[in-house]
Amino acid sequence: MSALRDALRDLPDAVFADLLESDDEYVLVIDLPGATSDTTDLVADEGRVTIEARREKETPEGFRYVREDRPLFLDAELPLPPNALGDEADAEMDRGVLELTIPKRGDESTGERIEIDD
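Residues numbered from 1 in each chain as written. Predicted model: local features only at pLDDT ≥ 70, side-chain atom pairs only at ≥ 80, totals over all residues. Heavy atoms only, no water.

Let us now look at the environment of arginine 5. Mapped onto the secondary structure, arginine 5 falls in helix α1 (residues 2-9). You can call arginine 5 partly exposed: its relative accessible area is 40%. Taking C-alpha positions, arginine 5 is 9.9 Å from alanine 17, a pair spaced 12 residues apart along the chain. (Helix = DSSP H or I, 4+ residues; strand = E, 2+ residues; numbered from the N terminus. Buried < 20%, exposed > 50% of the residue type's maximum accessible area, 1.4 Å probe, protein only.)

Below you can see the structure in the form of structure tokens.
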């Protein structure tokens, strides 16, 4: 999970993120002010999740930007922990806050014990 923590630290300064963990899942919460579910794309593939988000802004008629310090375009590729099931993740967007819930793989030691003959 340290690779994911490191990747979150490398996000642009304007993007804030929290990472939570329980016994069963990870939750990644990312503030994407002005972004919506229509302007955000999530893809989980091969142990990584890719997030592309953009804020759409409209300029009032007759105005033009003299200075623009609030752009938002996020294109981030984050590594998932080895026990994360990215293909089973769920995502919700509420008022520019993306919440990505990623289940963990269950205990894989469910096989039967094999006796060793002498």
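A word on a negative patch on the surface. On the surface, a cluster of negative charge is made up of Asp23, Asp24, Glu25, Asp90, Glu92 and Glu99. Of note, aspartate 90 is situated in strand β6 (residues 90-94). For aspartate 90, a relative accessible area of 55% translates into the label exposed. (Patch = residues over 30% accessible without salt bridge, like charges linked within 9 Å, V, L, I, M, F, W, Y side chains within 5 Å. Areas by Shrake-Rupley, 256 points an atom, 1.4 Å probe, with all protein chains shown as cover. Salt bridge = Lys/Arg side-chain N within 4 Å of Asp/Glu carboxyl O. Lys, Arg positive; Asp, Glu negative; His and termini not counted. Charge placed at Lys NZ, Arg CZ, Asp CG, Glu CD.)

Take the sheet that holds strand β1 (residues 16-21) next. Pairing between sheet strands relies on hydrogen bonds along the backbone, with the strands arranged either parallel or antiparallel. An order of β1-β2-β7-β6 is seen for the 4 strands of this open sheet, with the pairing classed as antiparallel. The open sheet has two edge strands with one neighbour each: β1 and β6. When strand polarity is set aside, the average angle formed by the axes of neighbouring strands in this sheet is 15°. Bridge analysis of β6 against strand β7 (residues 97-103) gives 5 bridges, and the strand direction is antiparallel. Bridged to aspartate 94 within β7 is valine 97. (Pairing = 2+ DSSP bridges. Axes fitted to C-alpha atoms, helices over the stretch in contact; angles between N-to-C directions.)

This paragraph deals with the pattern of salt bridges. Enumeration according to the criterion identifies 4 salt bridges in this entry. Two residues, aspartate 6 and arginine 9, come together in a salt bridge whose shortest N-O distance is 2.7 Å. Taken together, the residues span about one helical turn, with aspartate 6 and arginine 9 both in helix α1 at a distance of 3 residues. Looking at arginine 9, the relative accessible area reads 61%, which means it is exposed. Between aspartate 94 and arginine 95 there is a salt bridge, with its nearest N and O atoms 3.8 Å apart.

Taken in spatial order, the 3 strands of this open sheet run β3-β4-β5, and their pairing is antiparallel. Because the sheet does not close on itself, it has two edges, and the strands there are β3 (40-45) and β5 (73-79). Within this sheet the neighbouring strands show an average axis-to-axis angle of 10°, counted without direction. Bridge analysis of strand β4 (residues 48-54) against β5 gives 7 bridges, and the strand direction is antiparallel. Bridge assignment links threonine 50 to a residue of β5, and that residue is glutamate 77.

We now examine the nonpolar core. Counting 22 residues, the largest nonpolar core has Val15, Leu32, Leu74 and Leu78 as the members making the most contacts within it. Put simply, the parts of the chain that give this core at least two residues each are α1, β2 (25-31), β4, β5 and β7. Not counting chain neighbours up to four residues away, the residues in contact with valine 15 comprise Ile30, Asp31, Leu32, Leu72 and Leu74. (Core = buried A, V, L, I, M, F, W, Y, C linked by side-chain atoms within 4.5 Å. Contact = heavy atoms within 4.5 Å.)

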